[in-house]
Amino acid sequence: MNRIGEVTRKTSETDIFIRLNLDGAGEAKLFYPVGFMGHMLNTFARHGLFDLEIRAAGDLDVDQHHLVEDTGIVLGQCFARALGDRKGICRVGSCLFPMDETLARAAVDVSGRPFLVFEAEFLGSPLVSSKNGAFQKDTVRDFWQAFVMGAGITMHLEIIRGLSDHHKIEALFKAAGRALREACEIDMRSADSIPSTKGILA
């Protein structure tokens, strides 16, 4: 049976629906008004082999922060629902992802304890789309902080080297997708047990 999480969040600032299938094929159906972030969510789904459907709107007349952060909250909650009691999962995963001159690292523990270590600096020129204007790069950390809180996951994200801010951010999303894919996979040797000496991951 596929592990699926579905969450709707509607506030005075954003209106977001996300449906996540952990056991998918990496297909993304996105209606997302921030072009660069939509690209990141698409590549995250593809490398994680997660089927992902997102419909989102927000107060972009203010800025991109509310929408990007709330997307992280909802996506994290979808992971938590799809994982359930986390029985049988591998629990931990990591990925070292090269993208041209950039090298990114992600390590995750689906522990039930939310914690983010984020070591990345974005110093280059704005990432500008002719349709959406400049992407607010400071929202990348906000997204992942919201994600780990919603999901109950410990995550370390790091840029080891790199020049292009586009490459840095994209490599982080790809590395995170692959690390989460590994951590969420079922370990057939312990498919009926929870991978913790405590007997619970919450």
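Here's a quick rundown of the structure. Being a predicted model, the structure only gives us computed values, none of them experimental. (Residues numbered from 1 in each chain as written. Predicted model: local features only at pLDDT ≥ 70, side-chain atom pairs only at ≥ 80, totals over all residues. Heavy atoms only, no water.)

### Quick notes on helix α2 (residues 65–83)
Taking 1.5 Å per residue, 19 residues should reach 27 Å; α2 reaches 27 Å between its end C-alpha atoms and fits that length. Directly after α2, the chain includes G84, whose backbone phi takes a positive value near 60 degrees. (Helix = DSSP H or I, 4+ residues; strand = E, 2+ residues; numbered from the N terminus. Expected span 1.5 Å × (residues − 1).)

### Considering the packing of aromatic side chains
On inspection of all chains with the given rule, the structure shows 11 aromatic pairs. Consider the rings of F44 and F79, whose centres lie 6.3 Å apart with planes at 55 degrees: the pair is tilted. With F44 in helix α1 (residues 35–48) and F79 in helix α2, this residue pair connects regions lying 35 residues apart in the sequence. You'll find F44 and F79 in the same group, each marked buried. Members of the aromatic cluster, joined through ring pairs, are F44, F50, F79, F143, W144, F147 and F173. (Phe/Tyr/Trp six-rings, centres within 6.5 Å; stacked < 30°, edge-to-face > 60°. Buried < 20%, exposed > 50% of the residue type's maximum accessible area, 1.4 Å probe, protein only.)

### Let's talk about α1
Because an α-helix completes one turn every 3.6 residues, residues spaced three or four positions apart along the sequence face the same direction. Taking 1.5 Å per residue, 14 residues should reach 20 Å; α1 reaches 20 Å between its end C-alpha atoms and fits that length. Across the 14 residues of α1, 10 count as buried, placing the element largely inside the fold. Where α1 is concerned, the buried positions are F36, M37, G38, M40, L41, T43, F44, A45, H47 and G48. Once α1 ends, the next one or two residues include L49, with phi positive near 55 degrees.

### Digging into the packing of α1 against helix α4 (residues 165–184)
Viewed as axis vectors pointing N to C, α1 and α4 meet at an angle of 35 degrees, and their least axial separation amounts to 7 Å. As for how α1 packs across α4, the hand of that crossing is right-handed. Contacts between α1 and α4 involve F36, M37, H39, M40, T43, F44, H47 and G48 on the former and, on the latter, H166, I169, E170, F173, K174, A176, G177, R178, L180 and R181. Of the residues in the contact of α1 with α4, the class split is eight nonpolar, six polar and four charged. (Axes fitted to C-alpha atoms, helices over the stretch in contact; angles between N-to-C directions. Left-handed = near helix turned anticlockwise from the far one by under 90°. Contact = heavy atoms within 4.5 Å. Nonpolar A, V, L, I, M, F, W, Y, C, P; charged D, E, K, R; others polar.)

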